[in-house]
Amino acid sequence: MLVAIIIHAIIQEYVLDKINRRMHFSKTKHSKFNESGQLSAFYLFSCIWGTFILISENYISDPTILWRAYPHNLMTFQMKFFYVSQLAYWFHAFPELYFQKTKKEDIPRQLVYIGLYLFHIAGAYLLNLNHLGLVLLVLHYFVEFLFHISRLFYFSDEKYQKGFSLWAVLFVLGRLLTLILSVLTVGFGLARAENQKLDFSTGNFNVLAVRIAVLASICITQAFMMWKFINFQLRRWREHSAFQAPAVKKKPTVTKGRSSRKGTENGVNGTVTSNGADSPRNRKEKSS
């Protein structure tokens, strides 16, 4: 946690603060820019690190390793260090709420955000589902990295929207892949395993109640994220529609041709000219 706090401060002082001074962001954009800058750096580093572990341990070539030989209570040094680093980073986010002077109205959202990460990472670590947890984390981090890096480009140029369109597609695909991998591992792979007895000494939690709880927590979290995603897209669509809608201007009333000609003959901008005073109609009225 202390190392994460120090790295957080270094990125903030030597990178993000210098960019903020050049761009002159408002207070709202300033806080969002700092949040996206910190998270994009963390997501990129974690995604590269997690992918390296997946390749080195042959997860991609043999997907059955996600449930085979459960419980996975023996981990390599890289795997264990990865999980310890993830827990340390998200625990360090609590004091960072004070250091970053987060607004009171933003604190509940941040607490829910941090709590969900800690709940799922700690759950995968304690239930010896570290193989499945690693795959899902890498998948999720990649999608989140794309969102935050797109938001950074958006702050520098508000016309930049391509990154958000790509992120929207990958977000939905990421949720589908998360559900498919979870159901395949927990609902089919572990359900067909021979050893299905609760044993704390060996770290075996492969029982029906635990499997249902794991799948329920993953499905509820994915549904919650999709609900937030749909609201976000609807809000962006309304803002975009309001921005693109042309301003309605009132058209000036057009009078008949004869009256308009009379107006131009009788005067300019409402003033009567000498020619108007000596018009044929006026001479006729005088003679009568």
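As recorded in an unreviewed UniProt entry, the protein goes by the name Translocating chain-associated membrane protein 1, listed as coming from Equus asinus. As its UniProt record puts it under Subunit (unreviewed entry), the protein is described as follows: "Interacts with SEC61B. May interact with Derlin-1/DERL1."

**Student:** Hey, could you run me through the overall build of the protein in this one?
**Tutor:** When helices and strands are counted, the protein shows 10 helices and two strands. Buried residues in the protein amount to 35% of all 288 residues. Intrachain contacts of the protein at a sequence separation of at least 6 include 73% that bridge at least 24 residues.

**Student:** Teacher, can you tell me more about the pattern of salt bridges here?
**Tutor:** For side chains of opposite charge, pairing can occur when their charged atoms come near one another. Across all of its chains, the model carries three salt bridges by this definition. One salt bridge connects Arg 109 with Glu 35, and the closest N-O pair in it is separated by 3.7 Å. One end of the pair, Arg 109, is in helix H4 (residues 107-126); the other, Glu 35, is in helix H2 (residues 27-56), and 74 residues separate them in sequence. On the basis of relative accessible area, Glu 35 is assigned to the buried category, the value being 18%. Here Glu 35 ties to Arg 151 by a salt bridge, and the two come within 3.6 Å at their closest N and O atoms.

**Student:** Explain the packing of H2 against helix H3 (residues 77-99) to me, please; I cannot follow it from the model alone.
**Tutor:** Relative orientation and spacing of two packed helices are given, respectively, by the angle between their axes and the distance between those axes. Where H2 contacts H3, the axes come no closer than 11 Å and their chain directions differ by 165°. The orientation of H2 with respect to H3, classified from their angle, is roughly antiparallel. The way H2 lies across H3 gives a crossing that is left-handed. Contacts between H2 and H3 involve Gln 38, Leu 39, Phe 42, Tyr 43, Ser 46, Trp 49, Gly 50, Phe 52 and Ile 53 on the former and, on the latter, Gln 78, Met 79, Phe 81, Phe 82, Ser 85, Gln 86, Tyr 89 and Trp 90. Its residues assigned to classes, the contact of H2 with H3 comprises 11 nonpolar, six polar and no charged.

**Student:** Help me understand the layout of surface pockets in this model?
**Tutor:** Empty pockets left among the atoms are what a rolling probe the size of a water molecule brings to light. Looking at the second largest pocket, its volume works out to about 420 Å³. Looking at the second largest pocket, it is lined by 17 residues, and the ones nearest its centre are Ala 4, Ile 7, Phe 42, Phe 45 and Tyr 89. Considering every element that reaches the lining of the second largest pocket, the biggest residue donor is H2, with six residues. Per-class residue counts for the lining of the second largest pocket are 12 nonpolar, five polar and no charged.

**Student:** How should I be thinking about H2 in this particular structure?
**Tutor:** Given 3.6 residues to a turn, an α-helix orients residues that are three or four positions apart in the same direction. Along its 30 residues, H2 runs 44 Å from first to last C-alpha, staying within 8% of the 44 Å computed at 1.5 Å per residue. Phi turns positive one or two residues past the end of H2, at Asn 58, with a value near 60°.

**Student:** Just checking my understanding: could you explain unusual backbone geometry for this structure?
**Tutor:** Leaving glycine out, the prevailing phi sign among residues is negative, and the prevailing peptide bond configuration is trans. At the junction of Tyr 70 and Pro 71, the peptide bond is cis and its omega measures out at 10° in the coordinates. Along the chain, the position of Pro 71 falls in the loop between H2 and H3. Residues other than glycine seldom take positive phi values, yet Asn 58 does so here, at roughly 60°. Among the residues examined, Asn 58 registers a relative accessible area of 46% and is labelled partly exposed. In this model, Lys 101 sits at a positive phi of 55°, which is unusual for a non-glycine residue. You can see Lys 101 is positioned in the loop between H3 and H4.

**Student:** Can you help me understand empty space enclosed by the protein in this one?
**Tutor:** In the structure shown here, the tally under the stated rule is one cavity of 30 Å³ or more. Here the largest cavity defines a volume of roughly 50 Å³. Around the largest cavity, the lining residues are Tyr 70, Leu 127, Leu 129, Val 186, Leu 190, Phe 205, Asn 206, Val 210, Arg 211 and Val 214. The leading source of residues in the lining of the largest cavity is helix H7 (residues 208-244), at three residues. Here the lining of the largest cavity is built from residues that sort into eight nonpolar, one polar and one charged.

The rules behind these values
- Residues numbered from 1 in each chain as written.
- Predicted model: local features only at pLDDT ≥ 70, side-chain atom pairs only at ≥ 80, totals over all residues.
- Heavy atoms only, no water.
- UniProt positions renumbered as here; feature names shortened; annotations may be inferred.
- Helix = DSSP H or I, 4+ residues; strand = E, 2+ residues; numbered from the N terminus.
- Buried < 20%, exposed > 50% of the residue type's maximum accessible area, 1.4 Å probe, protein only.
- Contact = heavy atoms within 4.5 Å.
- Salt bridge = Lys/Arg side-chain N within 4 Å of Asp/Glu carboxyl O.
- Axes fitted to C-alpha atoms, helices over the stretch in contact; angles between N-to-C directions.
- Parallel < 35°, antiparallel > 145°, perpendicular 65-115°, else oblique.
- Left-handed = near helix turned anticlockwise from the far one by under 90°.
- Nonpolar A, V, L, I, M, F, W, Y, C, P; charged D, E, K, R; others polar.
- 1 Å grid on protein atoms, 1.4 Å probe; cavity = no way out; pocket = protein on both sides within 12 Å on 5 of 7 lines; lining within 4 Å.
- Points joined across faces, edges and corners; volume = space filled by probe spheres on them.
- Expected span 1.5 Å × (residues − 1).

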